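The chain contents come next:
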Amino acid sequence: MEENLKFKIRRVFDKELEQEWIYLSKSSEISIFQSFEWQYTWHKNINEINNKDNLHIVSIYFGQKIIAIIPFIKDECFKIKILTLTGFPFADYCDCLIDQNFFTQNQKVKYFIQEYLLKIKDIDLIKINKIKHGSNFFYLIDEKNFKEDNFKSYELIKNNISEDIIPKKIASDTKRQIRRLEEIGNLSFKIVKSEEDKKRIIDFFFEKKEEQLKVTNNWNYLKNKKNKNFIENINTFSDNSHLSCLLLNEKIIAAHLGYYWKNKMFYIFPVYDPNYSKFSPGNILLYYLIDKLFSESGKVFDFTTGDETYKTKISNKESKIFYSYTSLSIKGKIASSFLEILNYLRKIKFFKTVYNKIKY
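Here goes a summary of the coordinates provided. All values derive from a computational prediction rather than experimental measurement.

With respect to the overall build of the protein chain
A tally of helices and strands in the protein chain yields twelve helices and 13 strands. Against the globule reference of 21 Å for 360 residues, the protein chain gives a C-alpha radius of gyration of 22 Å, in line with a compact fold. Projected onto the principal axes, the alpha-carbon positions of the protein chain cover approximately 70 × 45 × 35 Å. Across the 360 residues in the protein chain, those meeting the buried criterion constitute 52%. Considering only residue pairs separated by 6 or more positions, the protein chain has 73% of its internal contacts joining residues 24 or more positions apart.

Description of the packing of aromatic side chains
Per the counting criterion, the structure on display carries 29 aromatic pairs. Between Trp-21 and Phe-36, the ring centres sit 5.7 Å apart and the planes meet at 75°, which makes this aromatic pair edge-to-face. With Trp-21 in helix H1 (residues 15-27) and Phe-36 in helix H2 (residues 36-47), this pair connects stretches of sequence that are 15 residues apart. Look at Trp-21 and you get buried, because its relative accessible area is 0%. Considering the side-chain rings of Phe-301 and Phe-303, the 5.0 Å spacing of their centres and the 55° angle between planes classify their relative orientation as tilted. In this structure, Phe-301 and Phe-303 share a single accessibility class: buried.

Here's the deal with the nonpolar core
If you look at the biggest cluster of nonpolar residues, it comprises 77 residues, and the most contacted ones within it are Ile-70 and Ile-231. In terms of residues, this core owes the most to one element, strand S3 (residues 65-77), which gives seven residues. If near-sequence neighbours (up to four positions away) are discounted, Ile-70 is found in contact with His-56, Ile-57, Val-58, Ile-60, Leu-85, Cys-96, Leu-117, Phe-137 and Leu-140.

A closer look at H1
Across its 13 residues, H1 extends 19 Å between first and last C-alpha, which sits within 8% of the 18 Å expected from 1.5 Å per residue. All of the buried residues along H1 are Leu-17, Glu-20, Trp-21, Leu-24 and Ser-25. Take H1 and look down its axis: the buried residues cluster within an arc of 145°, on one side only. Residues of H1 that are exposed and point over 90 degrees away from its buried face: Lys-15, Gln-19 and Lys-26. Along its buried surface, H1 packs onto strand S1 (5-10), H2, strand S2 (55-62), S3 and strand S5 (97-98).

Topic: the pairing of strand S10 (residues 251-261)
Within S10, nine of the eleven residues are buried, which leaves the element mostly enclosed by the surrounding structure. The pairing of strand S9 (residues 241-248) with S10 spans eight bridges and is antiparallel. Paired with Leu-243 across the strands is Leu-257, a residue of S10. Where S10 meets strand S11 (residues 264-272), seven bridges bridge the pair, whose relative direction is antiparallel. Pairing of His-256 across the sheet is with Pro-270, part of S11. Where S10 folds back on S11, the antiparallel hairpin that results is connected by two residues, among which Lys-262 adopts a positive phi of roughly 55°.

Side note on the packing of H2 against helix H8 (residues 225-237)
Two numbers describe how H2 lies on H8: the axes approach to 9 Å, and their chain directions differ by 145°. Read as a crossing pair, H2 and H8 show a hand that is right-handed. Counting all contacts with H2, which are made through Glu-37, Trp-38, Thr-41, Trp-42, Asn-45 and Ile-46, the residues of H8 involved are Lys-226, Asn-227, Asn-229, Phe-230, Asn-233, Ile-234 and Phe-237.

Here's the deal with the side chain of Ser-135
Within the element layout of this structure, Ser-135 appears in the loop between strand S6 (125-132) and helix H5 (137-140). Ser-135 gets classed as buried once you look at its relative accessible area, which sits at 3%. In this structure the side chain of Ser-135 is engaged in a polar contact, spanning 2.9 Å, whose partner is the backbone nitrogen of Phe-137.

Concerning the pattern of salt bridges
For the coordinates displayed, the defined rule picks out 23 salt bridges. Among the salt bridges present, the one from Lys-81 reaches Asp-122, with a minimum N-O distance of 2.9 Å. Here Asp-122 lies in the loop between helix H4 (109-118) and S6 and Lys-81 lies in strand S4 (residues 80-85), a separation of 41 residues in the sequence. The salt bridge involving Asp-173 is made with Lys-169; its shortest N-O contact spans 2.6 Å. Placement of the pair is Asp-173 and Lys-169 together in helix H6 (residues 168-182), with a separation of four residues, close to one helical turn. Lys-169 sits in the exposed class, given a relative accessible area of 59%.

Structural notes on the side chain of Thr-86
Assignment of secondary structure puts Thr-86 in the loop between S4 and S5. In this structure the side chain of Thr-86 is engaged in a polar contact, spanning 2.4 Å, whose partner is the side chain of Gln-39. Every residue in contact with Thr-86, bar those within four places of it in the chain, is listed here: Gln-39, Trp-42, Leu-55, Pro-71, Phe-72, Ile-73 and Cys-94.

Here's the deal with unusual backbone geometry
Among all residues except glycine, the phi angle is most often negative; among peptide bonds, the trans geometry is most common. The peptide bond linking Phe-88 to Pro-89 adopts the cis configuration, its omega dihedral lying at 5°. Counting through the fold element by element, Pro-89 comes out in the loop between S4 and S5. With a phi close to 60°, Asp-122 is a non-glycine residue in the positive phi region. A positive phi angle, near 55°, is found at Lys-262, a position not held by glycine.

Thresholds applied
Residues numbered from 1 in each chain as written. Predicted model: local features only at pLDDT ≥ 70, side-chain atom pairs only at ≥ 80, totals over all residues. Heavy atoms only, no water. Helix = DSSP H or I, 4+ residues; strand = E, 2+ residues; numbered from the N terminus. Rg over C-alpha atoms; globule rule 2.2 N^0.38 Å. Buried < 20%, exposed > 50% of the residue type's maximum accessible area, 1.4 Å probe, protein only. Contact = heavy atoms within 4.5 Å. Phe/Tyr/Trp six-rings, centres within 6.5 Å; stacked < 30°, edge-to-face > 60°. Core = buried A, V, L, I, M, F, W, Y, C linked by side-chain atoms within 4.5 Å. Expected span 1.5 Å × (residues − 1). Arc of directions from axis to C-beta. Pairing = 2+ DSSP bridges. Axes fitted to C-alpha atoms, helices over the stretch in contact; angles between N-to-C directions. Left-handed = near helix turned anticlockwise from the far one by under 90°. Polar contact = N/O pair within 3.5 Å; in protein donor to acceptor, adjacent residues only side chain to side chain. Salt bridge = Lys/Arg side-chain N within 4 Å of Asp/Glu carboxyl O.

What follows is the structure, encoded as structure tokens:
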């Protein structure tokens, strides 16, 4: 079996990789963050703009058949060389792509893949994080090698068509706020399709989100032009982008930049006008989004990662998030210990903000 395994390192997102990526996307469970479109847009707008020639995408074949893609980049910090997954800082989940049927029928293959990873040259540490419960990585790497992270992800799943999908108390409070807004003007919910309407919502998001980040003293990722370019491009030109807004007399008072992928809504970039905060416009927009999703063909509303109170109240499923640090040298062991300390400190909001400002 080992002699049939072949490994190829890719340094660019080319057509051949795209075809293999799309093939595996259909045979494995992945999030929007692992779609080829998301990853390619991230590389062109963020990674490549940093003048980094650091792609280290591992393509794995059994004979001539592609069976896995592990999207790594080579990073370096204080002369410590780290192999880490692509997509930061905007990938809420990280993962690899696999042919699930193949790995289910050939479980011993993962040991040869692990052996290959441990022999990668000129690397001190392999860092795999933001791994959701049920990740494809558990087909490649023993689960015992992963540790539970200090945050979770949350989803709302329609289990029974007759049940109230949104808790009654939350639904009642939201409907009350809707009535209050309707008393002062024409309230409407809109999902936009045209580039012109998308630009209007994206501009609103940039303006209001940056205001919010400054007021709350959080990491202002919008100060960096490449981050703004990525958000604008992935939301304007992607067929999977899902932009919506809440309007009062045709004025935007809340907006969401999200993604619809494989019957799942990814709730990622919400924002609202603070001048209307007493009406909870963000909650109203969320209410409309959930109702719209489940009244049509949607199956899952994914709030992604983060322990915000509203997520824990509305969701009906929570998933653990895992990480793994594999040291390949003494420097790697030192880096691994340091990262464990950082993980602990990032539980504290102040240190998390400082960490993000330094790293990104």
